Amino acid sequence: MQSTEPPLLTSLRSPRVIAARKLARRNQRSKERRFLAEGPQAVREAVAYGRLAGSEEHAVVEVYLTPEAAERHAEIVTAALAEGLPVLTATDEVIAEICDTVTPQGIVALCRFLDTPFEQVLALKPQLVAVLAHVRDPGNAGTVLRTADAAGADAVILTDASVDPYNPKAVRASVGSLFHLPFAVGVPVEEAVGRLREAGVRVLAADGAGDRDLDQELDEGTLGAPGAWVFGNEAWGLPAETRALADEVVRVPIHGHAESLNLATAAAVCLYASARAQRSPGGCRAQG
């Protein structure tokens, strides 16, 4: 029976602490296939991953938290111990050494990589997909992943030119959604678009210079079919060769005087428009 009084980590030179801190580097994360999830919401979802996914595999390797955080988030400790996961308390200094944030929240989980092979994503017969092509900002990537989760998307695909979803900023911006839906990484954009189209998914490139706008898509009822949205770089959008791969290039209409929408906002508008259309009568998710 595991003790409910976890051991205390006090040394910054502990092998655990040193190993965890090295995960701030992408090459080390890739080598170890491990990453850190900071904050109570991310750790809560990480602990629940196996149960929610119907899998015996855990996302969490170990949980580290301060004694104060252990009291404040006792339900997370209880859930982790119930899953048989190691829980270790640590000093504020140790948690600060492990975490990427300036002001840590006192709790962090060491997790295994969770990405799904692209072939398995296709096998799910996805009806709504977000494709991140050339997205370099980790905060935007994490926010789009969170938005896709909220909109009920079936998967997210990060192309080989996009940011690492296990970047600490991306993990924080996903606010736990990283543990909720399948995502594939490192897929060439040509392969991602081509294979989705072969699977019967209509591919739309979101771009401010699109020939069609989102209102037209909604008015004509074309968003009710299985669809994938391709989102590009925050600063320069989608290259012409990527736009050419899509079935349509669609812009979000600007009805006011704003010059444009940022990536995360545009993604939310597009994904929710598809989610609504797919659940409307005649849509691919309509009941009955």
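Please refer to the structure placed before this passage.
Here the structure is a predicted model, which is why all the values come from computation and not from measurement. (Residues numbered from 1 in each chain as written. Predicted model: local features only at pLDDT ≥ 70, side-chain atom pairs only at ≥ 80, totals over all residues. Heavy atoms only, no water.)

Side note on the environment of I157
Working step 1: Mapped onto the elements of the fold, I157 is located in strand 7 (residues 155-159).
Working step 2: The buried category is assigned to I157, whose relative accessible area is 0%.
Working step 3: With 110 residues separating them in the primary sequence, I157 and A267 have C-alpha atoms 14 Å apart.
Working step 4: Not counting the four nearest positions on each side in its chain, I157 is found in contact with F118, V129, A130, V131, L132, A184, V187, A192 and L196. (Helix = DSSP H or I, 4+ residues; strand = E, 2+ residues; numbered from the N terminus. Buried < 20%, exposed > 50% of the residue type's maximum accessible area, 1.4 Å probe, protein only. Contact = heavy atoms within 4.5 Å.)

Description of the nonpolar core
Working step 1: Judged by nonpolar contacts, the single largest core of 57 residues is most densely connected at F35, V63, V156, F179, W229 and F231.
Working step 2: If you tally residues by element for this core, the top one is helix 13 (residues 263-279), at seven residues.
Working step 3: When near neighbours in sequence (up to four residues on either side) are disregarded, F179 contacts F35, A37, A42, E45, A46, Y49, A59, C111 and L114.
Working step 4: Counting 22 residues, the second-largest nonpolar core is a separate cluster that includes L122, V189, A246 and V249. (Core = buried A, V, L, I, M, F, W, Y, C linked by side-chain atoms within 4.5 Å.)

Thoughts on the pairing of strand 4 (residues 87-90)
Working step 1: Residues V87 and T89 point to one face of strand 4 and L88 and A90 to the other, with burial holding for every one of them.
Working step 2: Across two bridges, the pairing between strand 1 (residues 8-9) and strand 4 is parallel. Within strand 4, the residue paired with L8 across the bridge is T89.
Working step 3: For strand 3 (residues 60-65) and strand 4, the ladder comprises three bridges, and the chain directions are parallel. Looking at strand 4, one finds that L65 is bridged to T89. (Pairing = 2+ DSSP bridges.)

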